[in-house]
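# Survey of secondary and tertiary structure
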Amino acid sequence: MAKLISGVKISAEIKNEIKEEVKELIRVKGVRPGLGVILVGEDPASKVYVANKQKGCEEVGFLSETARMPADSTEEQVLNQIRLYQERDDIHGLLVQLPLPQHINKNKILYAISPDKDVDGFHPVNIGRLVAQQEGFIPATPAGVIEMLKREKIEIKGKNATMVGHSEIVGKPCALLLLNEWATVTICHIETKDLKSHTRDADILVVAVGKPKLISADMVKDEAVVIDIGINRITKDMADEKLLEWRKEDFEKKGSTLVGDVDFQEVESRASAITPVPGGVGPMTIAMLLKNTLQSAKRYAGIR
Ligand code: NAP
C-alpha cells in the first residue's frame, strides 16, 4: 500500500512555523502581515475558499480583510478596491478570488494587482520570475505540491515527472517548478494523444484536471509518487456502489463527497506514495498562500 501524504499534517507544520515567524516579526519590527481578499458575487465554492483563507489568517495571527462585492459590480469598482488595498501599508498581500462574473475581464483585474503584493502569483511578472528562477510569488497550489514532495523527502532531481493539465494557475507553474527542481517533465492536456503512455512513464505523476477517475491503476507506474490536485464534488446520484460504501458517512451527512482525479482506491496499491482528496493538496494551498503573504510582509519590514 502507498504511503499516504497528508496535506493536513504538513500544512499544520507550516502554519506553526509561520505563527512563530509572525510573533517575531511583530516583536522585532512591529509588522503584522495582512492579507486583503476581494470576493465578487455569491459563488458558493468561492465563499468557502475565502472563508478558509480568512480562517488560515486568524490561525497564524495575520490581519485579514475581505471586501465582499455584489455580482453586478463594475470592472472599475473592482479596480478601485484593488487600489484601496494596494495603497495600504498594513495589507502586504492581496488577491481577487476567481472565478469572476462573466462581464469582468479577468486579466484586466489580475494585471492591476501590483506584482509585489500579488500573493497568488498570477501576474505575468511573477510567472516570468518563476520561469527565470528569480525571487517572486509562486502560485500557492503548485508551490504546495513541491513543498509536500520536499518535506516527504521525495527526490525530484533526475526523475520523470508527468503533469496532467496545463492551466495557467496550476498545471503550467507546477510543471515549471518540477523542471526547476531538475525533473524531466512531460505536460499533458486535452489534445494529448496517448495519455496512458505518458502517465505510465512517470516516477512522479501530478494531476490537475477536474475529472474524477481520469487516472486508473493501469495508467500508473509501479511505485510512482502520485499527487492528485483535482477536486470534484460527487453527489449521491452520481456515485457508484464502491464510492457510496467508501464515503458512506459523507453521503449520509452532506449528500455528497469530494474526490480527486485519481481513482484512489485502485491506485493506492500500485503507488509508493499518494495524496488523498480531501486532505492532500487542498490544505497545502492555504498554507502556501499564508507563506507568500508572510514573505511579502518580511520584505516590507526590510527582512529578506
Ligand atoms: P482548468 O483550468 O479547468 O484546467 C484543467 C486542465 O486539464 C486543462 O489544462 C485541460 O486541458 C486539461 N484536461 C482536460 N481534460 C483532459 C484530459 N482528458 N486529459 C488530459 N488533460 C485534460 O482547471 P485548474 O484550475 O487547473 O484546476 C484543475 C483541478 O484542480 C480542478 O479540479 C480544480 O478544482 C482543482 N484545484 C485544486 C486546488 C487545490 O487547492 N487542491 C487548487 C486549484 C485547483 P485544455 O485546457 O487543453 O482543455
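The structure displayed is predicted, hence computed values, not measured ones.

Our focus in this paragraph is the overall build of the protein. Per the secondary structure count, the protein includes twelve helices and eleven strands. Dimensions of the protein, computed from the C-alpha atoms along their principal axes, are close to 55 × 45 × 35 Å. Relative to its full complement of 304 residues, the protein shows a buried share of 49%. When contacts within the protein are restricted to residue pairs at least 6 apart in sequence, those whose partners lie at least 24 apart make up 70%. For the protein, the computed accessible surface area is about 14,800 Å², with 52% contributed by carbon and sulfur atoms. Averaging the positions of the 42 positive and the 44 negative side-chain charges in the protein gives two centres separated by 3 Å.

Now for the site of the ligand. Near the ligand, the surroundings consist of 20 residues, among which His166, Ser167, Ile190, Lys211 and Thr285 are the closest. Contact between the ligand and His166: an oxygen atom at 2.8 Å from a main-chain N or O atom of the residue. Within the side chain of Ser167, an N or O atom sits 2.5 Å from an oxygen atom of the ligand. Protein contacts shield 70% of the accessible area of the ligand, which totals 920 Å² for the unbound molecule. No other element matches the three residues that helix α12 (residues 281–300) contributes to the shell around the ligand. Looking at the shell around the ligand residue by residue, the classes come out as ten nonpolar, nine polar and one charged.

Two elements in contact, helix α1 (residues 7–29) and α12, have axes whose closest approach is 9 Å; the angle formed by their N-to-C orientations is 20°. In terms of orientation, α1 and α12 fall into the roughly parallel class. Relative to α12, the crossing made by α1 is left-handed. Taking contact as the criterion, the partners of Gly7, Val8, Ile10, Ser11, Ile14, Lys15, Ile18, Glu21, Val22 and Leu25 in α1 are, on α12, Pro283, Met284, Ala287, Met288, Leu290, Lys291, Leu294, Ala297 and Lys298. A class-by-class count of the residues in the contact of α1 with α12 yields 13 nonpolar, two polar and four charged.

Among the nonpolar cores identified, the biggest contains 51 residues, and Leu149, Leu178, Val206 and Ile227 are the most heavily contacted of them. No other element matches the nine residues that α12 contributes to this core. Each of domain 1 (29–114) and domain 2 (140–282) accounts for three or more of the residues forming this core. Excluding residues that lie within four positions of it along the chain, Val206 makes contacts with Val145, Thr162, Met163, Val164, Cys174, Leu178, Ile227 and Ile229.

As far as domains go, the protein holds domain 1 (29–114) and domain 2 (140–282). Computed from C-alpha coordinates alone, the two centres of domain 1 and domain 2 are separated by 28 Å.

Glancing now at the sheet that holds strand β2 (residues 34–40). Pairing within the open sheet is parallel, and its three strands lie in the order β3-β2-β4. Either end of the sheet is taken by a strand with one partner, and the two such strands are β3 (63–69) and β4 (93–96). Ignoring which end each strand starts from, the neighbouring axes of this sheet average 15° apart. As defined by bridge partners, β2 adjoins β4 across four bridges and the pair is classed as parallel. Within the sheet, the bridge partner assigned to Val37 lies in β4 and is Leu95.

Our focus in this paragraph is the sheet that holds strand β6 (residues 184–188). Overall, parallel pairing links the six strands, which are arranged β1-β11-β8-β7-β5-β6 in an open sheet. The open sheet has two edge strands, β1 (3–4) and β6, and neither has a second partner. Note that strand β8 (residues 225–228) and strand β11 (residues 273–274) share two bridges and pair parallel. Its bridge partner being in β11, Val225 is matched across the sheet by Ala273.

Glancing now at the packing of aromatic side chains. The final tally for this structure, using the stated rule, is one aromatic pair. Between Trp246 and Phe264, the aromatic rings sit 5.8 Å apart at their centres with planes inclined by 15°, giving stacked as the arrangement. Of this pair, Trp246 sits in helix α9 (residues 241–246) while Phe264 sits in helix α11 (residues 264–267); the two residues are 18 residues apart in sequence, bridging distant segments of the chain. Since its relative accessible area comes to 35%, Trp246 is described here as partly exposed. The ring of Trp246 has Arg247 lying over it, and the distance from NZ or CZ to the ring centre is 4.1 Å.

Under the counting rule described, the total for this entry stands at 27 salt bridges. Between Arg88 and Glu65 there is a salt bridge, with the nearest N and O atoms lying 2.8 Å from each other. Pair noted here: Arg88 is in the loop between α3 (75–87) and β4 and Glu65 is in strand β3, with a separation of 23 residues, a long-range link. On the accessibility criterion, Arg88 (25% relative accessible area) is partly exposed. One salt-bridge network, in which partners are shared between bridges, spans Lys9, Glu13, Glu17, Glu147, Arg151 and Lys291.

Reading the values: rules and limits
Residues numbered from 1 in each chain as written. Predicted model: local features only at pLDDT ≥ 70, side-chain atom pairs only at ≥ 80, totals over all residues. Heavy atoms only, no water. Helix = DSSP H or I, 4+ residues; strand = E, 2+ residues; numbered from the N terminus. Buried < 20%, exposed > 50% of the residue type's maximum accessible area, 1.4 Å probe, protein only. Contact = heavy atoms within 4.5 Å. Areas by Shrake-Rupley, 256 points an atom, 1.4 Å probe, with all protein chains shown as cover. Lys, Arg positive; Asp, Glu negative; His and termini not counted. Charge placed at Lys NZ, Arg CZ, Asp CG, Glu CD. Near = heavy atom within 4 Å. Polar contact = N/O pair within 3.5 Å; in protein donor to acceptor, adjacent residues only side chain to side chain. Nonpolar A, V, L, I, M, F, W, Y, C, P; charged D, E, K, R; others polar. Axes fitted to C-alpha atoms, helices over the stretch in contact; angles between N-to-C directions. Parallel < 35°, antiparallel > 145°, perpendicular 65-115°, else oblique. Left-handed = near helix turned anticlockwise from the far one by under 90°. Core = buried A, V, L, I, M, F, W, Y, C linked by side-chain atoms within 4.5 Å. Domains from an automatic or database assignment. Pairing = 2+ DSSP bridges. Phe/Tyr/Trp six-rings, centres within 6.5 Å; stacked < 30°, edge-to-face > 60°. Lys NZ or Arg CZ within 6 Å of the ring centre and 35° of its normal. Salt bridge = Lys/Arg side-chain N within 4 Å of Asp/Glu carboxyl O.

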